[in-house]
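What follows is the residue order along each chain.
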Amino acid sequence: MSSGSAGHVTRSTGRPEYETAGRGPARTFLRTADGVPVDAAYTPGRGTSETAPDGLAVVVAHGFTGDLERPHVRRAADAFAQYGAVVTFSFRGHGASGGHSTVGDREVLDLDAAVRWARELGHTRVATVGFSMGGSVVLRQAAARNAAVVAEHRGRTEARTEAHAGALTATTVDAVVAVSAPARWYYRGTAPMRRLHWLVTRPVGRAVGRYGLRTRIHHRDWDPVPASPVESVPLIAPTPLLIVHGDRDGYFPLDHPRMLAEAAGDGAELWLEHGMGHAENAADDALLHRIGHWTAAHTAAHTN
């Protein structure tokens, strides 16, 4: 892997195996601000004027234990490709990417590298769509950018930001969608979340993650603890924000999306989906197309 500046494309002799010139499909490794190689793929859009080479790009951030090749991630990418080009990637510690998962902390750097790649490819509008852990990451990445603007104009920050995570200067996004995202850290109120904490915090759990779930999890605790999603969302405006959550989510009950929406004030739209479970696995095709339509409409309005 050759070295490169944060977020810029770097080539590798290992997987992925293909990369094409121009605006055709591409597969490459990106290098994050802290030097982690991230497996990423680019799919040109199809079907509408939004899919022009300089039009909308949707960057998809998967959930914990996912990766860009998982069927539900590919299904989401296929749906969003009707509205713009799509960038998918595997978070650190997942799939072919390097490093170890920090379960939502330094993953903001992975997302930022993918957003920057979309910008480098010429896309004038970029939306991020994150699921579960990826939902928390898209919220924090967008907030980090606006927190930096606040700091520049006021000479100080008004919330804990991501300076500890590799001195992130986040790349601008034009719309943010968080699906099944948590509002706060260390939530153990449901059985699936208690199992997840066992997976992350115990050596035997991390072994199960590595060999059973193809996810390499970092053994260190967060230090410092990053700003939570609910602390981050007030900093996202005026960027359009959509919060999507199922009323049958087995991981995070409805107080999580409601807390996020309340913290965002008038800066967010909240969709509570009847009968929906958790994250990309539970998002049906109709919902994915509604999200795609929302991103196309709101990025156009935000940049005009």
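In this text, all values refer to a predicted model and were calculated from it rather than measured experimentally. (Residues numbered from 1 in each chain as written. Predicted model: local features only at pLDDT ≥ 70, side-chain atom pairs only at ≥ 80, totals over all residues. Heavy atoms only, no water.)

### As for the environment of Val-87
Here Val-87 shows up in strand 5 (residues 85-89). The class for Val-87 is buried, based on a relative accessible area of 0%. Along the sequence, Val-87 and Pro-44 sit 43 residues apart, while their C-alpha atoms lie 8.8 Å from each other. Excluding residues that lie within four positions of it along the chain, Val-87 makes contacts with Ala-41, Tyr-42, Val-58, Val-59, Val-60, Ala-114, Trp-117 and Ala-118. (Helix = DSSP H or I, 4+ residues; strand = E, 2+ residues; numbered from the N terminus. Buried < 20%, exposed > 50% of the residue type's maximum accessible area, 1.4 Å probe, protein only. Contact = heavy atoms within 4.5 Å.)

### What to know about the pattern of salt bridges
It is possible for side chains bearing opposite charge to pair when their charged atoms get close. On inspection of all chains with the given rule, the structure shows 13 salt bridges. With a shortest N-O distance of 2.8 Å, Arg-92 and Asp-34 are connected by a salt bridge. Pair noted here: Arg-92 is in the loop between strand 5 and helix 2 (107-120) and Asp-34 is in the loop between strand 2 (26-31) and strand 3 (37-43), with a separation of 58 residues, a long-range link. Under the relative-accessibility criterion, Asp-34 is labelled partly exposed at 26%. Between Asp-67 and Arg-70 there is a salt bridge, and its shortest N-O distance comes to 3.4 Å. You can call Asp-67 buried: its relative accessible area is 6%. Overall, Arg-70 belongs to the partly exposed group, its relative accessible area being 25%. In the salt-bridge network here, residues are joined through shared partners; they are Asp-34, Arg-92, Arg-106 and Asp-110. (Salt bridge = Lys/Arg side-chain N within 4 Å of Asp/Glu carboxyl O.)

### A look at the nonpolar core
Formed by 52 residues in total, the largest nonpolar core has its most connected members in Val-59, Phe-89 and Leu-139. The contacts of Val-59, once residues within four sequence positions are left out, are Val-87, Phe-89, Leu-111, Ala-114, Val-115, Ala-118, Val-126, Ala-127, Thr-128 and Val-129. Within the second largest apolar cluster, 27 residues are counted, among which are Val-60, Ala-77, Phe-80 and Ala-283. (Core = buried A, V, L, I, M, F, W, Y, C linked by side-chain atoms within 4.5 Å.)

### Description of the confidence of the model for the protein chain
When the pLDDT values of the protein chain are averaged, the result is 86; 81% of them are 70 or greater. Across residues 1-22, where pLDDT falls below 50, the model places 57 contacts with residues more than four positions away in sequence or in other chains. (pLDDT = per-residue confidence, 0-100.)

### Considerations on the side chain of Asp-67
Relative to the helices and strands, Asp-67 resides in the loop between strand 4 (56-61) and helix 1 (71-80). Of note is the side chain of Asp-67, whose polar atom sits 2.8 Å from the backbone nitrogen of Glu-69. The residues contacting Asp-67, other than those within four sequence positions of it, are His-62, Val-73, Ser-90, Gly-95 and Arg-214. (Polar contact = N/O pair within 3.5 Å; in protein donor to acceptor, adjacent residues only side chain to side chain.)

### Digging into the environment of Arg-116
When you line up the elements, Arg-116 lands in helix 2. Taking the C-alpha atoms as reference points, Arg-116 and Ala-170, separated by 54 residues in sequence, lie 8.8 Å from one another.

### Considering the layout of surface pockets
Left-over empty space is what a probe sized like a water molecule reveals as it rolls over the atoms. For the largest pocket, the calculated volume is near 1,100 Å³. In this structure, the largest pocket is lined by 41 residues; those nearest its centre are Phe-64, Val-103, Met-193, Leu-196 and Val-200. Listing elements by their share of the lining of the largest pocket, those giving two or more residues are helix 1, helix 3 (133-154), helix 4 (191-201) and helix 8 (279-282). Of all the elements, helix 4 adds the most residues to the lining of the largest pocket, at nine residues. (1 Å grid on protein atoms, 1.4 Å probe; cavity = no way out; pocket = protein on both sides within 12 Å on 5 of 7 lines; lining within 4 Å. Points joined across faces, edges and corners; volume = space filled by probe spheres on them.)

### Notes on the packing of helix 4 against helix 5 (residues 203-212)
Look at helix 4 against helix 5: their axes get within 5 Å of each other, and the N-to-C directions meet at 95 degrees. It follows that helix 4 is roughly perpendicular to helix 5 by the angle criterion. On helix 5, the residues touching Trp-198, Leu-199, Val-200 and Thr-201 of helix 4 are Pro-203, Val-204, Gly-205, Arg-206, Val-208 and Gly-209. The class makeup of the residues in the contact of helix 4 with helix 5 is six nonpolar, three polar and one charged. (Axes fitted to C-alpha atoms, helices over the stretch in contact; angles between N-to-C directions. Parallel < 35°, antiparallel > 145°, perpendicular 65-115°, else oblique. Nonpolar A, V, L, I, M, F, W, Y, C, P; charged D, E, K, R; others polar.)

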